[in-house]
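Spelled out from the first residue to the last, the chains are:
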Amino acid sequence: MRDNKTSQAASEYDANVHKTLPRYHLFLTETLDLVKTAMPKPEAWFDTGCGTGTLILQAIECFGEMKIVAADPAEEMLSIAKKKLADYQVTYMQAGSEELVCTDNFDVVTAIMSHHYLSEELRKQATKNCYKLLKQGGVYITFETIRPTSRLGMQIGLERWQNAQLLSGKDTAAVAKHINRYGIEIFPITIQEHIDILREAGFSTVEVLWVSCMQAGFYAIK
Ligand SMILES: C[S@@+](CC[C@H](N)C(=O)[O-])C[C@H]1O[C@@H](n2cnc3c(N)ncnc32)[C@H](O)[C@@H]1O
């Protein structure tokens, strides 16, 4: 049985994430780059669905120590994050974004590839919670697997993702197993639906940050 909702065990996540998400490193560098411009001196950062804590580590290296909360529903992910971030002061919460208790204390909230397991209603709740966590003017950044708007677009997108995974060193059976999760274990939505959910949550500025193949990044300002 898996110990979290991703396609791999927490202990294997860091070594293998690039095989599932070949552009994974760009999700993190694009996030940090956006924060450098939109919120150059963040004093408080909440990372929900923090996984093994890689983004938080990079955020500390980039912006220095600050108030940090890292949340994830998977205990095994959090325990790796705790080891990775042992030198730093970080508060941990074992919870999904949809169940967070929110105070508007944060300059930056991030949710990188953590909401596509949720139903439409819970995804809306999760996004609202991220909004509530932010101070006025704070920035929310999220990356997600997306759903193309046409049947052909879907076919092409999934085939490109499949090929990218094979080129990254994943074996054929594992690629097929992963791609078969689409629509069954993960529930991606279109770019427009992302924008609508962010606007509905109350964000005043909503923008696409990055798009490639089957993933996209968005930023939104409260
Ligand atoms: C693909 S990993 C991404 C981890 C990390 N954000 C990163 O960029 O490496 C997805 C993470 O989302 C977490 N997750 C699953 N359901 C979630 C939920 N409802 N809310 C927040 N995170 C969730 C999983 O436990 C896992 O750690």
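Above this note sits the structure.
Residues numbered from 1 in each chain as written. Predicted model: local features only at pLDDT ≥ 70, side-chain atom pairs only at ≥ 80, totals over all residues. Heavy atoms only, no water.

A. Molecular detail of the packing of helix H1 (residues 10-20) against helix H4 (residues 75-84). Interhelical geometry of H1 versus H4 gives an angle of 65 degrees and a closest axis separation of 8 Å. It follows from the interaxial angle that H1 and H4 lie roughly perpendicular. Along its contact with H1, which presents Ala10, Ser11, Tyr13 and Asp14, the element H4 presents Glu76, Met77, Ile80 and Lys84. Each residue belonging to the contact of H1 with H4 can be placed in one class, and the counts come to four nonpolar, one polar and three charged. (Axes fitted to C-alpha atoms, helices over the stretch in contact; angles between N-to-C directions. Helix = DSSP H or I, 4+ residues; strand = E, 2+ residues; numbered from the N terminus. Parallel < 35°, antiparallel > 145°, perpendicular 65-115°, else oblique. Contact = heavy atoms within 4.5 Å. Nonpolar A, V, L, I, M, F, W, Y, C, P; charged D, E, K, R; others polar.)

B. Here's a closer look at the packing of aromatic side chains. Within the structure shown, the criterion is met by nine aromatic pairs. Summarising the aromatic geometry, the rings of tryptophan 45 and phenylalanine 63 are spaced 6.0 Å apart at their centres and angled 45 degrees between planes, so their arrangement reads as tilted. Remark: phenylalanine 63 occurs in helix H3 (residues 54-63) and tryptophan 45 occurs in strand S1 (residues 44-48); sequence separation between them is 18 residues. You'll find tryptophan 45 and phenylalanine 63 in the same group, each marked buried. Where tyrosine 131 meets phenylalanine 203, the ring centres are 4.9 Å apart and the plane angle is 90 degrees; that geometry is what we call edge-to-face. Here tyrosine 131, found in helix H5 (residues 120-133), pairs with phenylalanine 203, found in the loop between helix H8 (191-201) and strand S6 (205-212); they are 72 residues apart in sequence, far enough to count as distant. Per residue, the accessibility class of tyrosine 131 equals that of phenylalanine 203, and both read buried. Through a chain of ring-to-ring contacts, three or more aromatic side chains come together here, namely Tyr13, Tyr24, Phe27, Phe143 and Trp210. (Phe/Tyr/Trp six-rings, centres within 6.5 Å; stacked < 30°, edge-to-face > 60°. Buried < 20%, exposed > 50% of the residue type's maximum accessible area, 1.4 Å probe, protein only.)

C. Highlighting the site of the ligand. Contacts to the ligand come from 19 residues, most closely from Tyr13, Tyr24, Gly49, Asp72 and Ile112. For the ligand, whose unbound accessible area comes to 590 Å², protein coverage reaches 96%. For the shell around the ligand, the per-class residue count stands at ten nonpolar, seven polar and two charged. (Near = heavy atom within 4 Å. Areas by Shrake-Rupley, 256 points an atom, 1.4 Å probe, with all protein chains shown as cover.)

D. Summary view of the nonpolar core. By size, the foremost hydrophobic cluster in this structure holds 45 residues, and its most contacted members are Phe27, Trp45, Ile141, Phe143 and Trp161. The residues touching phenylalanine 27, leaving out its near neighbours within four places in the chain, are Leu21, Ile112, Met113, Phe143, Trp210 and Gln215. Core analysis: the next-biggest nonpolar cluster, separate from the first, contains 23 residues, Ala95, Phe106, Ile195 and Phe203 among them. (Core = buried A, V, L, I, M, F, W, Y, C linked by side-chain atoms within 4.5 Å.)

E. The pattern of salt bridges, seen in detail. Using the criterion set out here, one finds seven salt bridges in the structure. Note that aspartate 14 is salt-bridged to lysine 84, the shortest N-O span being 2.7 Å. One end of the pair, aspartate 14, is in helix H1; the other, lysine 84, is in helix H4, and 70 residues separate them in sequence. For lysine 84, a relative accessible area of 25% translates into the label partly exposed. Linked by salt bridges that have partners in common, Glu120, Lys124 and Glu200 make up one network. (Salt bridge = Lys/Arg side-chain N within 4 Å of Asp/Glu carboxyl O.)

F. Local environment of H3. H3 sits mainly inside the fold: seven of its ten residues count as buried. Buried residues in H3 make contact with H1, helix H2 (24-38), S1, strand S2 (67-71), H4 and strand S4 (106-112). One or two positions beyond H3, positive phi appears at glycine 64, with a value near 85 degrees.

G. Just helix H6 (residues 151-167), in detail. The terminal C-alpha atoms of H6 lie 24 Å apart, and with 17 residues this matches the ideal 24 Å at 1.5 Å per residue to within 8%. Just downstream of H6, glycine 169 is the residue with a positive phi angle, here 105 degrees. (Expected span 1.5 Å × (residues − 1).)

H. Main features of unusual backbone geometry. The backbone phi angle of methionine 113 is positive, close to 60 degrees, even though this residue is not glycine. Within the element layout of this structure, methionine 113 appears in the loop between S4 and H5. Overall, the relative accessible area of 9% leaves methionine 113 in the buried class. Within the chain, cysteine 213 stands out as a residue other than glycine whose phi angle is a positive 50 degrees. Among the secondary structure elements, cysteine 213 is positioned in the loop between S6 and strand S7 (215-221).

Function-wise, these values are silent; they only describe arrangement.
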